[in-house]
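Listed below are the residues making up each chain.
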Amino acid sequence: MKKSFYLLDMKKILAIIVLLHFQVFISGQEKQDAPFSEKYRPQYHFSPPKNWINDPNGLVYFDGEYHLFFQYNPFGNVWGHMTWGHAVSNNLVNWTHLPPAIPEENGIMIFSGTVVVDKMNSSGFAGNTGKVPMVAIYTGHQEGINQSQHLAYSLDKGRTWTKYDKNPILNLGKKDFRDPKVFWYEPDKKWVMVVALPLEKKVQFYRSQNLKDWTYMSDFGPAGDTSGIWECPDLFRVPVQHSRKEFKWVLMHSPAPYMQYFVGEFNGNSFKSENPTGEILRPDYGPDYYAAIVYNNLPEGSAPVSIGWINNWNYANEIPVTPWKGAMSIPRTIQVKKTGNSWIMIQAPVASLEKQRSSPVPMEKGVINKSRILEGIGNAWELDMELTVPKTGKTGLRIGEKDKPVCEIYYDSGTRELYIYRGPGNDFHIPAFEKLNHFHVPLSLPDNKLSLHVFFDNSIVEVFSNGGERVMTAQVFPAQNNQAIELFSEGTGARINKLLAWKINSVWQK
Ligand code: FRU
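Along each chain, residue indices are assigned from 1 in the same order as the chain's sequence is written. Residues qualify for local features only when their pLDDT is at least 70, as the model is predicted, and side-chain atom pairs are given and counted only at 80 or more; totals for whole chains, interfaces and linings, by contrast, use all residues. Side-chain numbers come from the whole structure's heavy atoms, not from hydrogens or water.

1. Quick look at the overall build of the protein
Helix and strand definitions follow DSSP, with helices as H or I runs of at least four residues and strands as E runs of at least two, each counted in order from the N terminus. For the protein, the helix and strand inventory stands at two helices and 34 strands. For 510 residues, the compact-globule estimate of 2.2 N^0.38 gives 24 Å, and the C-alpha radius of gyration of the protein, at 22 Å, lies within 12% of that figure. Buried, partly exposed and exposed residues are distinguished by accessible area as a fraction of the type maximum, computed with a 1.4 Å probe on protein chains only: under 20%, between the cut-offs, and over 50%, respectively. Across the 510 residues of the protein, 60% fall into the buried class. Taking contacts inside the protein between residues at least 6 apart in sequence as the whole, the part at least 24 apart equals 61%. Element-wise, carbon and sulfur atoms account for 50% of the exposed surface of the protein, whose accessible area totals about 20100 Å². Placing the 53 positive and 50 negative side-chain charges of the protein at their respective mean positions leaves the two points 2 Å apart. Here the radius of gyration uses the C-alpha set of atoms, whereas the globule reference equals 2.2 Å times the residue count to the power 0.38. Any two residues whose heavy atoms approach within 4.5 Å at even a single point are treated as in contact. Residue exposure ignores everything except the shown protein chains as possible cover, and the areas themselves are Shrake-Rupley values with a 1.4 Å probe. For the charge count, each Lys or Arg is scored as positive and each Asp or Glu as negative, with His and the chain ends excluded. In plain terms, the charge of a residue is placed at NZ if it is Lys, CZ if Arg, CG if Asp and CD if Glu.

Written as structure tokens, this is what we have:
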């Protein structure tokens, strides 16, 4: 299942080919589709009105606003000219799209990074104004020459940004050294940075008092999944589920083109994983979840909230959508729990998404006799269900026709794994996409009960299973509108214990 990783140079070449190809297509398509109801347009997942996006950047809560910065190409819907795009929200669901925040300039692209709220003005960027600076720490990328860490600051709630005149602030003279995440470490009253050495498959930790001068502390890695280059690390403190007092630290990052995490302890200087060596844990076991990071500066007592990019570098530039390209996951709250010898992440869709539900669509419980068709939920919906699965065969949910499924999400009682399968009902025929069809993960079911919380949004399927122990995200590109939705079971005696369904209102409607 693991695919070869990509190199940035490959991205560029692909971008040029695809740009040439799509320029004709874009102008044709824009005339046909009403804005925001284009074919495959997500209705409640974040996507930009137009142009390419990748990684979420600088996730930070400040003064009542959740900021979402992201890798953005202001000039087209393929990767290039990386600039930080910007949107704000007061609930993580309804976003106001703002002008780009930090532009590419003088041959330096603005790669991924972080934003902190510098409450004590430790950086001095606010001078004597009494204001609180927002400080962005990002990678300045000079193609084929250098990647180093840079600063920019804002004194007006992120609306305008000034690049620090003494950039870079951390430069190892390397071509690959990127994606800093910075947070305030209260016990030592210092800033901590975690940043990736992609080719070495390591992350490094640095400390600072003023965000400008950084001192090396330690390395972590290689460990776990080392098959792809390592990008976009994050380190954060996470509550243990059902405990008010206990916390662990999670180190999460993106070994291309997927993600992994470790749970353990951070002592202010270095991180130590407490999971069994060699075990690979992923925040998401589907094909399309990458570069997720968590919010800085959330109100005291909040669990961490992450957002990931829904795409896969193997085909990201070529997905058949326009005039935008790329979307963000539903924001997810994160906790951890211990199962056997392992700490695992428990993720849940952010609660504010429930406000987008329209009235529930009535659904019958009872036995699944081979198959049960679910009617009338359209193309943007949420299903929350619990099934008792039989001892044999596959049991789950099918979107599309039986012999031409768009997507199946099912439990196989034989292998005891949860699957997400993209079938021939998709209208996107490139080998890189068609090869990445089957994704699966072991899942043990208490009392043979499978819970599936499924979100469907035109071209996105996000599945939270068994209370968020395993999550899977996949893009789909259905050949037909209004696909059938069906619960099926190959065994006998499958039961629906709970089945709730909602259409979800579009966030584009004002
Ligand atoms: C991950 C990534 C980052 C980099 C950015 C460039 O998707 O490759 O490592 O900062 O994208 O757009």
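2. Some points on the environment of I229
Residue position: I229 is located in the loop between β12 (215–220) and β13 (230–239). When the C-alpha atoms of I229 and P255 are compared, they prove to be 5.3 Å apart, with 26 residues separating the residues in sequence.

3. A short note on unusual backbone geometry
In this structure, the amide linkage connecting G221 to the following residue, P222, adopts the cis form with an omega of -5°. Among the structural elements, P222 can be located in the loop between β12 and β13. Backbone torsion omega between A256 and P257 reads 0°, so that peptide bond is classified as cis. For P257, the position within the fold is in the loop between β14 (247–255) and β15 (260–266). One non-glycine residue, C232, adopts positive backbone phi at about 50°.

4. Quick word on the site of the ligand
Around the ligand, the structure places 15 residues, and the nearest of them are D55, Q71, R178, D179 and E231. Here a polar contact is taken to be a pair of N or O atoms separated by no more than 3.5 Å, where protein atoms must pair a possible hydrogen donor with a possible acceptor and residues adjacent in sequence count only if both atoms sit in side chains. Interatomic distance of 3.1 Å between a side-chain N/O atom of N54 and an oxygen atom of the ligand. A distance of 2.6 Å separates an oxygen atom of the ligand from a polar side-chain atom of D179. Relative to its unbound accessible surface of 310 Å², the ligand loses 100% to contact with the protein. Any residue with a heavy atom positioned within 4 Å of a molecule or strand is treated as near that molecule or strand.

5. A word on the nonpolar core
Counting residues in each nonpolar core, the largest one holds 109 residues, and the members touching the most others are Y295, L383 and L397. Of the residues that make up this core, three or more belong to each of domain 1 (2–349) and domain 2 (353–504). Those residues in contact with Y295, other than ones at most four positions away along the chain, are L59, V60, Y61, Y66, H67, L68, L92, W95, V305 and I307. In this structure, V116, V135, V182 and V195 belong to the second largest nonpolar core, which totals 18 residues. Among the buried residues, those of types Ala, Val, Leu, Ile, Met, Phe, Trp, Tyr and Cys that are joined through side-chain atoms within 4.5 Å form a nonpolar core. What fixes the domain bounds is an automatic or database domain assignment.

6. Description of the sheet that holds strand β26 (residues 394–400)
Here the rule is simple: two strands pair whenever DSSP picks up at least two bridges between them. A sheet is described by the order of its strands in space; here six strands give the open sequence β24-β33-β26-β27-β28-β29, paired in antiparallel fashion. Each edge of the open sheet carries a strand with a single partner, namely β24 (371–374) and β29 (438–442). Strand-to-strand, the axes of this sheet are offset by a mean angle of 15°, without reference to chain direction. Relative to strand β33 (residues 485–489), β26 is paired through five bridges, and the arrangement is antiparallel. The partner of R398 across the bridge, within β33, is E486. Lines fitted to the C-alpha atoms define the axes, with helices restricted to the stretch that makes contact. Angles between their N-to-C directions range from 0 to 180 degrees.

7. Section: the pattern of salt bridges
Throughout this description, the term salt bridge denotes a Lys or Arg side-chain nitrogen within 4 Å of a carboxyl oxygen of Asp or Glu. Applying the stated rule across the entire model yields 24 salt bridges. Among the ionic pairs, E38 bridges to R41, the shortest N-O distance being 2.8 Å. Taking the relative accessible area as the measure of exposure, E38 reaches 7% and is therefore buried. Classification of R41 by relative accessible area gives buried; the value is 0%. In this structure, R357 and E382 form a salt bridge, with 2.7 Å as the shortest nitrogen-oxygen distance.

8. Quick notes on the domain arrangement of the protein
Segmentation of the protein into domains returns domain 1 (2–349) and domain 2 (353–504). Put simply, the middle of domain 1 and the middle of domain 2, counted by C-alpha atoms, are 29 Å apart. Taken together, the contact pairs 38 residues of domain 1 with 36 residues of domain 2. As used here, buried area is the combined drop in accessible area, with a 1.4 Å probe, of two parts when they are placed together. Carbon and sulfur atoms make up 62% of the surface buried where domain 1 meets domain 2, a total of about 3200 Å² over both sides. When the area that domain 1 buries against domain 2 is broken down by residue, the three leading residues are Y40, Y44 and Y285, summing to 25%.

9. A look at the pairing of strand β11 (residues 202–208)
Regular strands place their side chains on alternate faces of the sheet. Extensive coverage of β11 is indicated by the burial of five of its seven residues. Where strand β10 (residues 190–197) folds back on β11, the antiparallel hairpin that results is connected by four residues, among which K201 adopts a positive phi of roughly 55°. Bridge analysis of β11 against β12 gives five bridges, and the strand direction is antiparallel. Bridging across to β12, Q204 finds its partner in D219.

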